[in-house]
Amino acid sequence: MLDEKMEEALNYQLNRELYSGYLYLAMGAYFEDQDLPGFGNWMRVQAQEELSHAMKFYDYLVQRGSRVSLAEIEKPQSEWDSPVAAFEHVYKHEQMVTGLINGLVDLALELSDHATNNFLQWYVAEQVEEEESSSGVLQKVKLAGESGSGLYMLDQELAQRIFHPPTASE
């Protein structure tokens, strides 16, 4: 059984992951409305990833004999001034999530909860990938700027992204 503080913190993170999925769906809808379906696809895949991250927390809580506590998910932002502004939001959001994960690791270490620390290491590595991915797309969007041809080419690239669910061993 998990320490009560750890259970509460993991449930909070599970709900933050659900919010992240909701945010990326809102961003996907924004991009679809802007006639950028490839950008929308990138966001839909990102939403699927976040939901799978939430389910890993869900499963871990159950596995440890703890109760899953789902909270209300707040309405995400749904409009941005530009594709650059949207991807700046993505990058800042991923940095915030990294901070939350690091806080969970700190708590696990404080509580000498080695199993949870081990579980969280997947997320530590995942957040490095998330920040790199979002930063990379942000840089490409900045390079494209307002160029219709640049955005069109980037839209075609982002349309190729597909969701790869984590395997049971991940």
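Residues numbered from 1 in each chain as written. Predicted model: local features only at pLDDT ≥ 70, side-chain atom pairs only at ≥ 80, totals over all residues. Heavy atoms only, no water.

*Asks:* Report on the packing of aromatic side chains, specifying residues and quantitative values.
*Replies:* Counted by the stated rule, this structure contains eleven aromatic pairs. Centroid distance phenylalanine 31 to phenylalanine 87: 5.9 Å. Interplanar angle 35 degrees. Geometry classified as tilted. Taken together, the positions of phenylalanine 31 in helix H1 (residues 4-33) and phenylalanine 87 in helix H3 (residues 83-110) put the pair 56 residues apart, joining distant regions of the chain. Between the aromatic rings of phenylalanine 39 and phenylalanine 87, the centroid separation amounts to 6.0 Å while the plane-to-plane angle is 65 degrees, which identifies the pairing as edge-to-face. Of this pair, phenylalanine 39 sits in helix H2 (residues 37-63) while phenylalanine 87 sits in helix H3, and the two are 48 residues apart along the sequence. (Phe/Tyr/Trp six-rings, centres within 6.5 Å; stacked < 30°, edge-to-face > 60°. Helix = DSSP H or I, 4+ residues; strand = E, 2+ residues; numbered from the N terminus.)

*Asks:* Tell me about a negative patch on the surface, residues and numbers included.
*Replies:* Taken together, the side chains of Glu32, Asp33, Asp35 and Glu79 present a region of like negative charge at the surface. Looking at where aspartate 35 falls in the secondary structure, it is placed in the loop between H1 and H2. (Patch = residues over 30% accessible without salt bridge, like charges linked within 9 Å, V, L, I, M, F, W, Y side chains within 5 Å. Areas by Shrake-Rupley, 256 points an atom, 1.4 Å probe, with all protein chains shown as cover. Salt bridge = Lys/Arg side-chain N within 4 Å of Asp/Glu carboxyl O. Lys, Arg positive; Asp, Glu negative; His and termini not counted. Charge placed at Lys NZ, Arg CZ, Asp CG, Glu CD.)

*Asks:* An account of the pattern of salt bridges is needed here, citing residue identities and associated values.
*Replies:* Enumeration according to the criterion identifies five salt bridges in this entry. A salt bridge links lysine 5 to glutamate 110; the shortest N-O distance between them is 3.4 Å. Pair noted here: lysine 5 is in helix H1 and glutamate 110 is in helix H3, with a separation of 105 residues, a long-range link. Residue classification places lysine 5 among the partly exposed residues on the basis of a relative accessible area of 48%. (Buried < 20%, exposed > 50% of the residue type's maximum accessible area, 1.4 Å probe, protein only.)

*Asks:* Got a sec to walk through a nonpolar patch on the surface? Specific residues and values, please.
*Replies:* Taken together, the side chains of Tyr22, Leu25 and Ile73 define a hydrophobic patch exposed on the protein surface, amounting to about 250 Å² of accessible area. Looking at isoleucine 73, the relative accessible area reads 32%, which means it is partly exposed.

*Asks:* Lay out the side chain of serine 20 with the relevant residues and their values.
*Replies:* Among the structural elements, serine 20 can be located in helix H1. Not counting the four nearest positions on each side in its chain, serine 20 is found in contact with Glu50, His93 and Val97. (Contact = heavy atoms within 4.5 Å.)

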